[in-house]
Amino acid sequence: MRGEESLRILVPTEGESLPLMDINTCETEAPELWDYVLVVDRRTQRNPGQVQRQRQFLEELENQGFCYKAMEDQEKEFFGIRADNRIFDRYRRLMEPEDTVPRGELSRPTSIQVTNRIRIVNFVLNNKTAAGDTLQDLVKDGVFEAGFPLHKGEEHLKKKWARWRSMFQRQPISDIRDYFGEKVALYFAWLGWYTYMLVPAAVVGLIVFLSGFSQFEASQISKEICKAHDIYMCPRGDHNRRFQRLSDTCAYAKLTHLFDNEGTVLFAIFMALWATVFLELWKRERARVVLRWELYGWDEDQEEMALGLINYPDCQPRLHQHSYLRSTVILVLSLLMICLMIGMAHVLVVYRVLAAALFNSALPFLGEQVTTAVVVSGALVHYVIILIMTKINKYVALKLCDFEKPRTFSERESKFTIKFFTLQFFAHFSSLVYIAFILGRINGHPGKTVRLAGLWKLEECHLSGCMMDLFVQMAIIMGLKQTLSNCAEYLRPWLTHKYRSLRAPSQDPELGHWQRNYRLNPVYTFSLFDEFMEMMIQYGFTTIFVAAFPLAPLLALFSNLVEIRLDAIKMVRLQRRLVPRKAKDIGTWLQVLEIIGVLAVIANGMVIAFTSEFIPRVVYKYRYGPCRRGAQSEVDCFTGYVNHSLSVFYTKDFQDPAKIEGSENVTECRYRDYFSAQDSNFSEQQWFLLAIRLAFLILFEHVALCIKLIAAWFVPDVPQSVKNEVLKKKYRRLEPKSCRSKSTDV
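Owing to the predicted nature of the structure, the values given are computational and were not obtained by experimental measurement.

## Points about the packing of helix α8 (residues 182-214) against helix α18 (residues 527-543)
Phase 1: Two numbers describe how α8 lies on α18: the axes approach to 11 Å, and their chain directions differ by 20 degrees. Put simply, α8 runs roughly parallel to α18. Two packed elements cross with a definite hand, and for α8 against α18 that hand is left-handed. Within the contact between the two elements, α8 uses Lys183, Val184, Tyr187, Trp190, Leu191, Tyr194 and Leu198 and α18 uses Leu528, Glu531, Phe532, Met535, Met536, Gln538, Tyr539 and Thr542.
Phase 2: Considering only residue class, the contact of α8 with α18 consists of 11 nonpolar, two polar and two charged.

Now the structure itself:
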């Protein structure tokens, strides 16, 4: 019916006795009592088949106990959907044990939380009707343009939570749960707890970084580098065909010491302990929250089956299935995608090699800063690759997940989480692995270099060491993700909402309310998933390779303070209402956090052992330096370390020494490594150093993992108070049964 409100009367299904509804119920209901709104674009409704499918869908809803009301403006037609309370009473009878509800109250109509109403209605709408259509199918086919629950009663969240001035205030987690459901509330509870726990990590990381300033001028190694005017470094690439004084790297040597000092090892061990304590304390906090929400005995499978029975009384549970063939195909395809991610790291290698040659010829004014320019531009290219591969990875992960045919939505989300995170992990960290453990180690040595396609010399680490390259790469990627990405995350929906809101809403308060909700930004099935993924990648940057970037926790702390309010403003002010979902934990993300914690121990151990100068300095101090027979007050223990750590190469052994500027005045040059000057083979120091590196790596990882295990054992996952309260509730549930049993026996 066009131009006026349409009324539909609830029709009882066969075998079910329902009281008659008042014919004016839908007309007289207040606007805030509608559970869902469906939108139709009138300009596209020219196909009779689409109109017929629309009518069939609405009639099917009528038969299931729904009523709807149609209203329209010049372009859109809106259908307000509301379920009868008997549907929700049926849900209560299925989910609550009879012994917890007094007799007679199960048949009495009762109020139900708005979040439960929306969740149940959304489940019914998105399950197949008799015609085989779901709401999602109809939206894809253009029968409906959109379907969404309405924002209603969100003013208190806008005042207390979803605004920038509340950045340092405590989050109203209970109010968030009452409005968005347990899943969203648990996300913000976890994010708030993570941010709170970042404070000690950020403070310790800042102290480690600032401790380098105390030795900025006092470091013996930096002093020797700054005074090494007579030590010439070998040409490092085709773009730099001249010898460079070691003293020219004085500033970089001092900067490198800020994050590559003795405190790095202690900070890496501290972060391994911190990651474990953070997870264990979160488990305890989650247990308290779940007990307060009375979800300790809630079962997700029972919830899925109850919703299915509400939708169709003859619904049968979907049984667990497993196909080895399907799993094998998914494994092979996942490995191919991982190989592609690793290949993208090789693309970055090729870019850096070609960029070095291009910058040297096209930008001669860069001079000695060509390497720095290549490192910075390489990090920017990596950031762009991450943005592109994120979209590709999500598409591939969804297709793999659909091919696996998960049983329920929760199982689908869990499988999607594993696949998408794995692909994203390789996309974000493959280049960091290359810089930390491969860059500069497969280049050969002066006089015998490895070339790409036989033409371009492979890139080497910065003269001050590979830690500088790793630090710059992490700082740029993490900085861009927490600035540009956050700005885009806020500005895109804000600008879109402003544009969509240019048209004034209807004068009718009910229609105007529906229009305002429609003009908000749409949300998708995995909208909350994207927020979790963003935080998991940040958590990876905060813990993995933190030995090379001790400021990562501090940057994460500042970013999270903004992220909490940004997400709150998006969800309350800029986006349509998320469909509430029940949950008693953060699901698969907890296992992801635990995996990241283990990888962090391994990666930081390898960074300290193979990338930093910590092991060579310690070996020199106790085996080759002036303090090998005991400390001497008049001599610094690292005196002579710079000369000891540089190998010698005779310039006459260059294949084309005449092409090197200044070669007639230099007879030997130095390079970072431990090769013999006579035959260019590994020296005795190199083999001894390699053995110490491996021994340190094994010792570090075992000590750190033992500390993690001890901390996990020492801090129980569930507080004793929570266990006791659960025990008391079980007893109170059993006690009436025991009394009835005694009276029956008598």
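## Points about the pairing of strand β4 (residues 76-83)
Phase 1: Among the eight residues in β4, eight count as buried, and that is most of the element.
Phase 2: Burial along β4 is two-sided: Lys76, Phe78, Gly80 and Arg82 facing one way and Glu77, Phe79, Ile81 and Ala83 facing the other are all buried.
Phase 3: By the bridge criterion, six bridges tie strand β2 (residues 36-41) to β4 in an arrangement that is antiparallel. Within the sheet, the bridge partner assigned to Val40 lies in β4 and is Glu77.
Phase 4: In terms of strand pairing, strand β3 (residues 66-72) meets β4 through seven bridges, oriented antiparallel.

## Let's talk about helix α14 (residues 370-404)
Phase 1: Taking 1.5 Å of rise per residue, 35 residues should cover 51 Å, and α14 covers 49 Å from first to last C-alpha, within 8% of that figure.
Phase 2: The axis of α14 is deflected most strongly, by about 25 degrees, at Met389.

## Observations regarding the pattern of salt bridges
Phase 1: One pass over the full model with this rule turns up 24 salt bridges.
Phase 2: For Glu145, the salt bridge is made with Lys76, and the minimal N-O distance between the two is 2.9 Å. Here Glu145, found in the loop between α5 (135-140) and β5 (146-148), pairs with Lys76, found in strand β4; they are 69 residues apart in sequence, far enough to count as distant.
Phase 3: The exposure class of Glu145 is partly exposed, given its relative accessible area of 33%.
Phase 4: Across the salt bridge formed by Lys283 and Glu594, the nearest N and O atoms sit 3.1 Å from each other. Taken together, the residues Lys283 in helix α11 (residues 263-292) and Glu594 in helix α20 (residues 589-611) connect sequence positions 311 residues apart.
Phase 5: Salt bridges sharing common partners tie together Glu280, Lys283, Glu594 and Asp717.

## Points about helix α21 (residues 614-624)
Phase 1: Taken as a whole, α21 has its buried residues at Phe614, Ile615, Pro616, Arg617, Val619 and Tyr620.
Phase 2: Along its buried surface, α21 packs onto α9 (220-226), α11, α20, α22 (641-645) and α23 (684-714).

Criteria and thresholds
Residues numbered from 1 in each chain as written. Predicted model: local features only at pLDDT ≥ 70, side-chain atom pairs only at ≥ 80, totals over all residues. Heavy atoms only, no water. Axes fitted to C-alpha atoms, helices over the stretch in contact; angles between N-to-C directions. Helix = DSSP H or I, 4+ residues; strand = E, 2+ residues; numbered from the N terminus. Parallel < 35°, antiparallel > 145°, perpendicular 65-115°, else oblique. Left-handed = near helix turned anticlockwise from the far one by under 90°. Contact = heavy atoms within 4.5 Å. Nonpolar A, V, L, I, M, F, W, Y, C, P; charged D, E, K, R; others polar. Buried < 20%, exposed > 50% of the residue type's maximum accessible area, 1.4 Å probe, protein only. Pairing = 2+ DSSP bridges. Expected span 1.5 Å × (residues − 1). Bend = angle between axes of the 7 residues up to and from the residue. Salt bridge = Lys/Arg side-chain N within 4 Å of Asp/Glu carboxyl O.

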